[in-house]
Each structure stands twice: as C-alpha cells, then as structure tokens.
Amino acid sequence: MAVAHTLKTLAVCGVLLLGCAIAWARAGEVPRAPLLRARLNSDIVSTNPGTRRDENTDGVLLHIVEGLVASREDGSVGPMLASRWSISADGRVYTFALRPEVMFHNGAPLTSAEVVWSLKRYLKPETRWRCLEVFGPTGIARVESISAPDPHTVVVTLDRAAPMFLTTLARADCGGTGITHPASVAADGSWITPIGTGPFQLGEWRHNQFVQLKRFPLYAALPGPRDGNTGGKHALVDELRFLIIPDSSAARAALVRGSLDIIDNLAPSELMGIRGRTDLQFQSVPILDCYTVLIQTQDPALQDVRVRTAIALTIDAVGLTKAITRGNGSANNSPIPVASPFHHSVEAQLRQVNVAKARELLKAGGYDGHAIKLVTSRRDPQMFDAAVVIQAMAAEAGLQLQIDTVDWPAHLSRYIAGTYQLMVQSFSARLDPALSFGVFIGDKREEPRKVWDTPRSRELFDQTLQTADPASRQAVFDTLTRDFLEEVPAVVLYNSSHLSVVRSAVIGHQNWVSAQPRLWGVSLR
Amino acid sequence: MLGYICKRLLLTLPTLLLVAVAVFLIIRLIPGDPAVVLLGEGADAASIAGVRADLGLDRPLPVQFFSWFGHALRGDLGRSIVSGEPVGASILQHFGITAAVVLVAVTFATLIAAAAGLIAAWRRNTAIDLAVVGAATVVLAVPSFWLGLVLLLLFGLKLGWLPFVGYVPFSESAGQAVLFLVLPVVTLTITESGVLTRMMRASSIDVLQLDYVTHARAKGLSERAVLVRHVFPNAFAPTLTLVGLTLGHLLGGIAVIETVFTLPGLGRLMVDSVLARDYPVVQGCLLFTAVVYVVVNLLVDLCYPIFDPRVTAR
C-alpha cells in the first residue's frame, strides 16, 4: 500500500512538473515574425550551386543565386542578370549586357568581372560543375573564351554554334549557372557561402533541421510579374525557412496544425487524409518530368526488338497512370512531356494494349519464359508502385518479371553502369525536349546509362542541339518520337504533376512546369 | 577498482579494432557508389572518376583502411563526403540530442519498470499483476513509430499542447527544448518500459520465493521494508544489466523516433549517411556507437556492487 501511495504521489508530481514546464516554455514563446515555412523531405547537399547538388539543393539555391538568363514559365529562356543579349551571325559569339542596378548580397555591385570569374570557375574541372560535360568533347560546344570588354558587358565565344547554350545556362540542375561574388570562395578555392544576387540571402543552414533564408533588401527585381525562374522576383516575407521533415505524416500534421505553411512536391499517395480540408489549398500542375521503364538493349534477353515491343504492348499507360498518380498524371509514351509546347499529335499517340500481339512477338522473339529482372527503388513511391503494376500487366502476356527493389544509391549506380535488364526510372523536369531525349540517346561505350545508341538517333539528336528554328526542331522531335516508339529502347509511362498543399493564409503560391519550390512572390495573410 | 577499469578498457581494444574492420568492409560491400550519389543521375564517367579520386576511393582498400584508422586513432574521423563537415564534431552534435532523449526516457522507463514489476510480482496472480503484465505486453507489441505518430496526432495536432516538428537546442531556449523533447521522450519511455517491467517482475518473483525473504517476514519486518530493503536490490540487478544493454543500444541512435519527430539525432545521421553512402560518417557513427556501448556496459558493471555486493567479493 505504501509503495502504491508513493507511486501515486510521484505520478501527481510528474504531471504537475510537466504542466509547469509547458507553461514556462509557452511564456517564453516569441510572437512569430513574418516567416514562411516550407517543407523539404531531405536536407540540401551543399550551398554551392550546380556542384554538390540534388533537386532540393537546386530549389533552395535558386532563391539565392541568379544566372545571366533563366527559364520562363513556358520553358523558353528569358533575361535575368543580363538585360539583353545578341548572338553573332555564325551563332558562336554571345554578347550579354548586364543590368546595372544589380547588387550582390555583400553590397558589391554586379559587374562583368564577377560574371567572368563565375563562368570561368564553373569551367574548371576541380569545381565539379554538374554541366561541365555539356561544354566538353561530347557536349554542345566548347567555350573558347569569356571576356569583359567593359564593366557591363560579357562576351562568351563558343567553338561552334550551339542553340542550346542559353537553355543550358538556365538549367536548374546546373545551378542556373548562378553568378556569385568571388568572396563566396576562400583563397584556396574552397567554397564558403553563396554570395549571390537573388531575392533571398542565406541566413542559417542547420544540418538536418532547416535552411533559413533572409530577404535581401537591396534586391533589384526585374519589371513585370514572375515568370518561371525569371520576371519580377519579389521577396514578400522577411524570412523563409525550409524545414527538413523526412516523414510525410509528420509534415502533413504540421501543416494542419499550422507549424508549416507549404508542402511542395507531394507524392500522390501523400494527399491521403488532408484532401478536402477547407483550411488548405491544393495545387496540381503538370510538369516536364517523366517516368519510364528503361530497357538494357544489350542484354541477350532484350536485344530483339520484338521482345521489347511485346513488353511495351502489355503496359496500359492510361490505367497505370490513373492508379499510381490518383488522377494527377498524364499518360504519355513519348519522351516529350505532355506539358511541353513541342508535344503535338505525333507525341500524343499512345500504344494500345494488345496482349495477343505481345504473346506472338514474345514467341517470335525467342522469349523462353525465363524471369526478367525489373529493378526499382522505394525512394520515390511512384517508381515502386509502377514496377508492381507493370509486373502484373506483363504477366497477362506470359511475361515473367521479377522485381528487384534496391535502395537509391544502388539503383543510381546500376543506372549509371547500365547493369540491369529493365529498370523503372524517373527523370526530373527538363525544360527543353532535346534534354528529354538526351537522357536516352548516347554512346553506350562512353555512357553506359544511355539506352538508345543507334547512329540515326544520335544524328537526329545532334540536329536538335544544332537547330534553333522551332518548326525545324519540331520535325526532328517528331521523327525521333516515331523511331523511339518503334525501336523501344525504353517505355515512357507518364508525366506527373507538381502537387503542393499550402495553408489558406498563404498568398501567391503557384506551381509551374518545373518541380522546384518557388517562394518569391509568396506572402502570408 | 582502477585496475579493474583499466583491464576492462584494455579488453575492449580488440573489440573496437574488429568493429572498425567490419564496419569499414561492410559499408563498402553494399552496392552503390558515393561518387555517383554525389553527382546524381547525369554523372559522366570522367566526373565520377574525378570525385572518387578526390575522396580517395580509387586507392586500394588496405591503404584506405589504414589511412582512416590511423586518423581515427588520433581522434580524427575524417570529413563527411556529403556536407564536408568534420565527422567527429557532427557525431557529437547529433549525439547530444539522442543522449538527451534516451537518458531521460530510460531513467523514466527504469523507474516505472522497477515499481510496476516489483508490485506485480508482490501481487502475483491478482488483478494488479494481470494489469501490469497486460500493459507491458501491449507496450512490447506496439511499434515505436506507430506510438509516436499516435502521440503526435493526439498531443501535437488534436490538443495542440506540444510542438512536434523540429528542434530547438537547450542553448537557444531551454523551455522550448524541453517542449520539443517531451513527445519523443514519452514515446521512448513507454516503448522501453515494457521489456524492463517484464524483466523486473520475473526477477522479483524469483527473489520473493527465496528463504531470506520468508525469514525477513518471519522477523516481523513490514512488507514495505521487505520489498524495498531485501527484494528490490536483488531483483533489480538483472534488470540493471538489461538497462545497460538498452542504453547502449538506444544511444547508438533512435532513428525511427528521430524521423517521426524530426529530431536531428545520431540515428537519423546514420540512416542518412548510409543512404548517401557517406562512408566516413557511417564508419565514424558505428565506431562511436561501439565505444558508447562498451562504456555504458562498463558503467553498468561498476554499478552492480551497489545492488549485489557479492559481485565485488568475487
């Protein structure tokens, strides 16, 4: 009895102490400053644009740094730090006129010296710029020189005409070729911090907790409304905090509770439980990504185009898309995404499921009933779900697929090395269709990750890189699409949507065809 | 005593060497190249080779091992491949958060288990015993992530009493830090109290049947005195061993709870590092965990004589 009494006393004291602690802590709470909080599902990798990076890193850093040009909402290229540019008649010399009013976050004015320094730094191999290979022997062109004839003009000379030059500079995965101040780097060349020109500057990065950005008060916005990564980029909150919340249930609970304002890039399955709430706004915009099944065409079981075609004929892209994206995706068999301005009648053709024909082709192609391995990963739930659905669909034609689920690093390594038979793979948004084809076409000896390695496809691909005229490019894209559907080096399944949920107090949040978060022009009621 | 401690610590050195070798090899046996993870899906062969050379991954394995181990012996665990931060500092920073949660939770769990297990054994086969055993079994069966989510939804979302996303260090605001740690601590306390209660109850039942307990009662001692002075110290010794094992295990990281409550602890650091194939961090974390395990068990062994003087006599 005495023990029970002691326990009771202890329990009561414990509850009282907890209550006091809560009250004490609550009393110390500071009223919230104008702070916008958005979720990241994993921490950023670095603050060095276009080098150590992933999609989250790109998204955060594009709030801090800006390039000479940037992507518009429709995927075309618009001015950013350069107010205008001219291209020489032979297409090799680009002359950029810089905006004179732009300041760096350290208060220094933007001049051509910093631009030349930044571009040259990107081209040094030790910088490990993601897009260096684009300016290498197998890329679009080599950079012959970068010069600054005056403080507000930069001239870049290429070794040949490269219509994709500006598009490449604007790529998010290239860090938007963000121009940074030389003080961003230490004397030994190591990275310190991004001193850019964007509407926000880096406040604090607390690893695995948050990345805090502060409004840059001297930011010189372009006139007009925001347009993709360009246009009027106004920071409407004093602080922007990207909270690292890996668990989606915790993130959704935080949003409902009001501890979070924005969840960007939700997987369709993560909408469960919050859809229909009146205190939240839901946004879904088709984006330029793509989910595919890559086929290792050098594998003995898959060398025969009839076997590859049979696999494609078993996949009901419309049904699969509906099931996996919960109605938030667009079935598409072309590498050119549905939301692209280059997606027309040829690209809109969808394969019809034909199980009987698939059986015939498998027989003719010598398929002996052995299991074919389909590699996938759970990093993106849609990739795993797609593998399961495809396995079931293929089974109807007697095609035995064995799912091999690996973690993301193993998946990525096998993709790069080409060591798989079939692989479900998603590709992030590419704003130009040439880049969409670029993930498939290439020399397998040099780049084993490429699945489509025929002289004709490579020749056509080179044409897309060398042609600026939209009509001519469309013709080449149409031909490439037809060939792609015929030769089946991969099966494109669908393009997804950029899903976001924001609290009703958030004003001005709008998704676009890129999947990055874009939080300039966003404020709180 | 000092000699005993030194002897125990010396005996741990071969264990730590084995751990270091095993950790070094196992992480490299897992498929997935850190250079590829770092560079992403568009990585070309030249860039991958360049990054591998930068990271020293192109050198023979024995050279890599002795280089890393030599530095580790001098207290330098290297730098993270991903963030470039010193591994040692990063581990200590994350460990502080894990340790705060684990030490408080295990202390509460031990107090609950000691009392509940003792009472259940004392009132064996009564409604109290049934209730304690039932509760302990339920707690044992409930996964920590599920319990964490339920508490999060109840106290964080529905009642709004406690924050559940993020973390504030004690150095910034002690009050806020306490608030952020309440739910993870409660979750871990409940989860860990189940097995400790079962252990305490079982050992208490054994002790209650011993002759000296009957003798103590025959002397006319009160039940409270019998339980507190004679049963508890002897029954608690095996539970203490389990507490030590639990502490060592949990201090190595409570990844699930840290993920649910967005705590930047050691478990999350380790999981993130494995998923990024951040070799120096994984190696550092596991070596550090092994050291913690050894130290905690040594401390538990040193506490044994307090409850069972025969241990010292032996």
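Above this note sits the structure.
Fair warning: this is a prediction, and the values are worked out from it, not measured in the lab.

Observations concerning the overall build of chain B
Here is step 1: Along its length, chain B carries 14 helices and 0 strands.
Here is step 2: Reading chain B from its N end, one meets helices and strands in the order α-α-α-α-α-α-α-α-α-α-α-α-α-α.
Here is step 3: If you line up chain B on its principal axes, its C-alpha atoms span 85 × 55 × 35 Å.
Here is step 4: Here chain B holds 314 residues, and 45% of them are scored as buried.
Here is step 5: Here the contacts in chain B between residues at least 6 apart in sequence split such that 70% fall between residues at least 24 apart.

Remarks on the interface of chain B and chain A
Here is step 1: Between chain B and chain A, the residue contacts involve 45 residues of the former and 43 residues of the latter.
Here is step 2: Looking at which element gives the most residues to the side of chain B that touches chain A, the answer is helix α7 (residues 144-158) of chain B, with 5 residues.

What about the sheet that holds strand β1 (residues 35-40) of chain A?
All names here are of chain A.
Here is step 1: The 7 strands lie next to each other as β8-β9-β12-β1-β13-β21-β14, forming an open sheet whose pairing is mixed. Here the strands that pair on one side only, and so sit at the sheet edges, are β8 (200-206) and β14 (280-286).
Here is step 2: Two elements, β14 and strand β21 (residues 497-503), share 7 bridges in a ladder whose sense is antiparallel. Each residue of the ladder has a partner; that of F282, found in β21, is V501.

Points about the environment of A:G258
Here is step 1: You can see A:G258 is positioned in the loop between α5 (248-257) and β13 (262-263).
Here is step 2: Taking the C-alpha atoms as reference, A:G258 lies 7.8 Å from A:R503; in sequence the two are 245 residues apart.

Details of helix α5 (residues 87-122) of chain B
Since one α-helical turn is 3.6 residues long, residues separated by three or four positions face the same way.
Here is step 1: Here α5(B) spans 50 Å end to end across 36 residues, near enough to the 52 Å set by a 1.5 Å rise per residue.
Here is step 2: The largest bend in α5(B) amounts to roughly 25° and is located at B:F95.

Overview of the environment of B:G160
Here is step 1: Along the polypeptide, B:G160 turns up in the loop between α7 and α8 (174-208).
Here is step 2: By C-beta crowding, B:G160 is classed as exposed, having 11 other C-beta atoms within 10 Å.

A short note on the pairing of strand β12 (residues 239-244) of chain A
All names here are of chain A.
Here is step 1: Here β1 pairs with β12 via 6 bridges, running parallel. Across the sheet, the residue bridging to L35 is E239, located in β12.
Here is step 2: With 5 bridges connecting them, strand β9 (residues 210-215) and β12 associate as antiparallel partners. Across the sheet, K214 pairs through a bridge with E239, a residue of β12.

Observations regarding the sheet that holds strand β15 (residues 290-295) of chain A
Residues and elements named next belong to chain A.
Here is step 1: Reading across from one edge, β16-β20-β15-β19-β17-β18 is the order of the 6 strands in this open sheet, with mixed pairing throughout. Strand pairing shows two members of the sheet lacking a second neighbour, β16 (330-331) and β18 (401-406), which therefore form its edges.
Here is step 2: As paired strands, β15 and strand β19 (residues 422-427) are joined by 6 bridges and run antiparallel to one another. The partner of L294 across the bridge, within β19, is M423.
Here is step 3: Of the strands in this sheet, β16 and β20 (490-495) are in contact with helix α7 (residues 317-325), which crosses β20 at around 50°.
Here is step 4: Taken strand by strand, helix α10 (residues 381-395) contacts β15, β17 (372-377), β18, β19 and β20, and its axis lies near 155° from that of β17.

Rules of the game
- Residues numbered from 1 in each chain as written.
- Chains lettered and ligands numbered in written order.
- Predicted model: local features only at pLDDT ≥ 70, side-chain atom pairs only at ≥ 80, totals over all residues.
- Helix = DSSP H or I, 4+ residues; strand = E, 2+ residues; numbered from the N terminus.
- Buried ≥ 20, exposed ≤ 12 C-beta atoms within 10 Å, placed from the backbone.
- Contact = placed C-beta atoms within 7 Å.
- Pairing = 2+ DSSP bridges.
- Expected span 1.5 Å × (residues − 1).
- Bend = angle between axes of the 7 residues up to and from the residue.
- Axes fitted to C-alpha atoms, helices over the stretch in contact; angles between N-to-C directions.

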